[in-house]
Amino acid sequence: MNIIDSNGKLITTICKIEEMISVHSVVCVKQVPDTSEVGIDPETNTIIREGVPSIINPYDLHGIEAALHLKDEFDGKVTILTMGPPQAEAAIKRALSFGADRGILLSDRAFAGSDTLATSYIITQALKRIIDEERVDIIFCGKQAIDGDTAQVGPGIAARLGWNQLTYVVGINEVNIDNNEVRISRKLESGKEIIKAELPALLTVVKGLNEIRYASLPDMIRGARAEIEVWGEGDLELDESKIGLSGSPTQVGRIFPPPEREGGEIIPGGKEDPKGAARVLAEKLIGKEVIPNK
Ligand SMILES: Cc1cc2nc3c(=O)[nH]c(=O)nc-3n(C[C@H](O)[C@H](O)[C@H](O)COP(=O)(O)OP(=O)(O)OC[C@H]3O[C@@H](n4cnc5c(N)ncnc54)[C@H](O)[C@@H]3O)c2cc1C
């Protein structure tokens with residue numbers, strides 16, 4: 001908007017904030033129990049959650065880093081979106097302490113028990129509200145969460161928004177905002193695949209994409225003091241029949257630890273007769289159908 005004085009001379013130009021932000025990324029971040037520290041109670045066969053620290057899902061840290069990198073490169077903005085209980089606010093504060101700008105927590109009892117379909121629905125409705133307020137260029141998700149492990153939420157959101165989805169992203173080669181294009185590398189079992197796609201797009205990222213930065217002291221203080229916006233059921237346009245436990249087509253019927261591993265077996269005589277020991281090993285593996293009998 002141009003401000004003109006009474007003689008018609010241009011005094012100043014005021015840009016809308018939206019026009020000044022060159023790249024706006026939203027990172028979907030899940031707070032998860034640190035599964036490397038989760039134990040199984042041998043008496044009750046249930047997961048021991050007490051005393052287990054909650055962390056940001058490790059894949060999501062790479063999404064945060066990628067978004068912050070774009071912010072640094074293009075003078076952009078990073079919004080963090082989390083769905084979870086009130087304690088999940090800690091994950092958002094941590095993300096802000098790395099340098100993210102805005103944090104939104106989706107928290108409501110009505111959201112509890114949501115499976116991946118319901119989770120991606122609620123997160124998408126929140127994203128639509130954000131997109132209504134300001135342009136979003138890229139959404140980052142982790143490849144998967146280390147607790148649920150389904151890797152379904154990111155693609156679920158992309159499908160609901162009708163956006164390009166780029167999964168297993170291991171490299172962001174180029175972001176061209178003028179042409180609305182992104183070029184990325186995807187990790188495949190047998191190598192890498194380079195893809196060019198139109199923005200806006202949703203990327204699910206894997207470890208190895210980047211090195212996570214250390215938080216700066218001013219950002220850590222800002223993160224700790226930040227007021228987190230909390231959006232509940234009433235703040236979003238939601239179809240009640242699609243959220244929470246009752247809106248979830250899948251429900252976990254039982255949870256139990258995997259059976260304990262059998263003890264190992266040492267095949268003797270390898271030093272004196274390596275070929276013989278290898279034959280015995282091969283026979284055992286064929287017997288257990290670990291390798292085919294060819
Ligand atoms: C032990 C256990 C028991 C469960 N029991 C039930 C049950 O009985 N009934 C039921 O309906 N559900 C249950 N759930 C919840 C549900 O299955 C998933 O946790 C949830 O739908 C998300 O799927 P996911 O964790 O596999 O995420 P993934 O699809 O693996 O996550 C991929 C990415 O999506 C994003 N993402 C995922 N979740 C969120 C989030 N909440 N906020 C922001 N971003 C997110 C992150 O970027 C993440 O890296 C249970 C979960 C666990 C761990």
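What counts, and at which threshold
Residues numbered from 1 in each chain as written. Predicted model: local features only at pLDDT ≥ 70, side-chain atom pairs only at ≥ 80, totals over all residues. Heavy atoms only, no water. 1 Å grid on protein atoms, 1.4 Å probe; cavity = no way out; pocket = protein on both sides within 12 Å on 5 of 7 lines; lining within 4 Å. Points joined across faces, edges and corners; volume = space filled by probe spheres on them. Nonpolar A, V, L, I, M, F, W, Y, C, P; charged D, E, K, R; others polar. Domains from an automatic or database assignment. Helix = DSSP H or I, 4+ residues; strand = E, 2+ residues; numbered from the N terminus. Patch = residues over 30% accessible without salt bridge, like charges linked within 9 Å, V, L, I, M, F, W, Y side chains within 5 Å. Areas by Shrake-Rupley, 256 points an atom, 1.4 Å probe, with all protein chains shown as cover. Salt bridge = Lys/Arg side-chain N within 4 Å of Asp/Glu carboxyl O. Contact = heavy atoms within 4.5 Å. Near = heavy atom within 4 Å. Polar contact = N/O pair within 3.5 Å; in protein donor to acceptor, adjacent residues only side chain to side chain. Buried < 20%, exposed > 50% of the residue type's maximum accessible area, 1.4 Å probe, protein only. Pairing = 2+ DSSP bridges. Core = buried A, V, L, I, M, F, W, Y, C linked by side-chain atoms within 4.5 Å.

## Description of the layout of surface pockets
Stage number 1. Estimated volume of the second largest pocket: approximately 250 Å³.
Stage number 2. Lining the second largest pocket are Glu262, Gly263, Gly264, Glu265, Ile267, Leu281, Lys284, Leu285 and Lys288.
Stage number 3. Here the lining of the second largest pocket is built from residues that sort into three nonpolar, two polar and four charged.

## Quick word on the domain arrangement of the chain
One widely used convention gives an interface's size as the accessible area the parts lose upon coming together.
Stage number 1. As far as domains go, the chain holds domain 1 (20-242) and domain 2 (264-294).
Stage number 2. Just the C-alpha atoms count here: the centres of domain 1 and domain 2 sit 47 Å apart.

## Here's the deal with the environment of Ile55
Stage number 1. Turning to its location among the elements, Ile55 is positioned in strand E7 (residues 54-56).
Stage number 2. Sequence spacing of Ile55 and Thr35 is 20 residues, and the spatial spacing of their C-alpha atoms is 9.4 Å.

## Comments concerning a nonpolar patch on the surface
Stage number 1. On the surface, Ile40, Ile47, Val252 and Ile255 cluster together into a nonpolar patch covering about 380 Å² of accessible area.
Stage number 2. Tracing the backbone shows Ile47 in strand E6 (residues 46-48).

## A short note on the environment of Gly142
Stage number 1. Position of Gly142 relative to the elements: it lies in strand E10 (residues 138-142).
Stage number 2. Note: C-alpha distance between Gly142 and Lys271 (129 residues apart in sequence) is 47 Å.
Stage number 3. Among all residues touching Gly142, those that are not within four sequence positions of it are Tyr59, Asp60, Thr204 and Val205.

## Thoughts on the site of the ligand
Stage number 1. Within the structure, the ligand sits among 31 residues, and Cys28, Lys30, Asp60, Gly113 and Thr150 are positioned closest to it.
Stage number 2. Within the backbone of Val153, a nitrogen or oxygen atom sits 2.8 Å from an oxygen atom of the ligand.
Stage number 3. Computed on the free molecule, the ligand has an accessible area of 950 Å², of which 85% lies beneath the protein chains in the complex.
Stage number 4. Contributions of two or more residues to the shell around the ligand are made by strand E8 (77-83), helix H4 (116-133) and E10.
Stage number 5. Classifying every residue of the shell around the ligand by side-chain character gives 12 nonpolar, 13 polar and six charged.

## Description of unusual backbone geometry
Stage number 1. For the peptide bond that leads from Leu199 to Pro200, omega is 0°, which places it in the cis range.
Stage number 2. Tracing the backbone shows Pro200 in the loop between strand E13 (191-198) and strand E14 (201-205).
Stage number 3. Of note in the backbone geometry, Asp75 takes a positive phi value of approximately 60° without being a glycine.
Stage number 4. Inspection of the secondary structure puts Asp75 in the loop between helix H2 (58-74) and E8.
Stage number 5. For Ala151, which is not glycine, the phi torsion reads 60° and is therefore positive.
Stage number 6. Turning to its location among the elements, Ala151 is positioned in the loop between E10 and helix H5 (153-161).

## A few points about the pairing of E10
On any regular strand, side chains alternate: one points to one face of the sheet, the next to the other face.
Stage number 1. Burial within E10 is extensive, with five of its five residues counted as buried.
Stage number 2. Because side chains alternate across E10, one face comprises the buried residues Ile138, Phe140 and Gly142, and the other comprises Ile139 and Cys141, equally buried.
Stage number 3. Two strands pair when backbone bridges link them, and strand E3 (residues 24-28) and E10 are joined in this way by three bridges, in the parallel orientation. Residue Ser25 lies in a different strand from E10, and its bridge partner there is Ile138.
Stage number 4. The pairing of E10 with E14 spans five bridges and is parallel. Within E14, the position partnered with Phe140 by the bridge is Leu203.

## Thoughts on the nonpolar core
Stage number 1. Formed by 35 residues in total, the largest nonpolar core has its most connected members in Val27, Ile64, Ile80, Phe140, Leu166 and Leu203.
Stage number 2. Mapped by element, the contributors of at least two residues to this core are H2, E8, helix H3 (89-97), E10, strand E11 (164-176), strand E12 (181-188) and E14.
Stage number 3. Per element, the largest residue contribution to this core is six residues, and it comes from H2.
Stage number 4. Those residues in contact with Phe140 that sit more than four places away from it in its chain are Ser25, Val26, Val27, Cys28, Gly63, Ala66, Ala67, Leu70, Ile172, Leu203 and Val205.
Stage number 5. With 25 residues, the next largest nonpolar core counts Val26, Tyr121, Ile157 and Leu161 among its residues.

## Let's talk about the pattern of salt bridges
Stage number 1. All told, the structure shown has 16 salt bridges when counted by the stated rule.
Stage number 2. One salt bridge in this structure joins Arg183 and Glu174, with 3.6 Å as the shortest N-O distance.
Stage number 3. In this structure, Glu262 and Lys288 form a salt bridge, with 4.0 Å as the shortest nitrogen-oxygen distance. Here Glu262, found in the loop between strand E15 (229-231) and helix H7 (274-287), pairs with Lys288, found in the segment after H7; they are 26 residues apart in sequence, far enough to count as distant. The two residues Glu262 and Lys288 agree in class, both being exposed.

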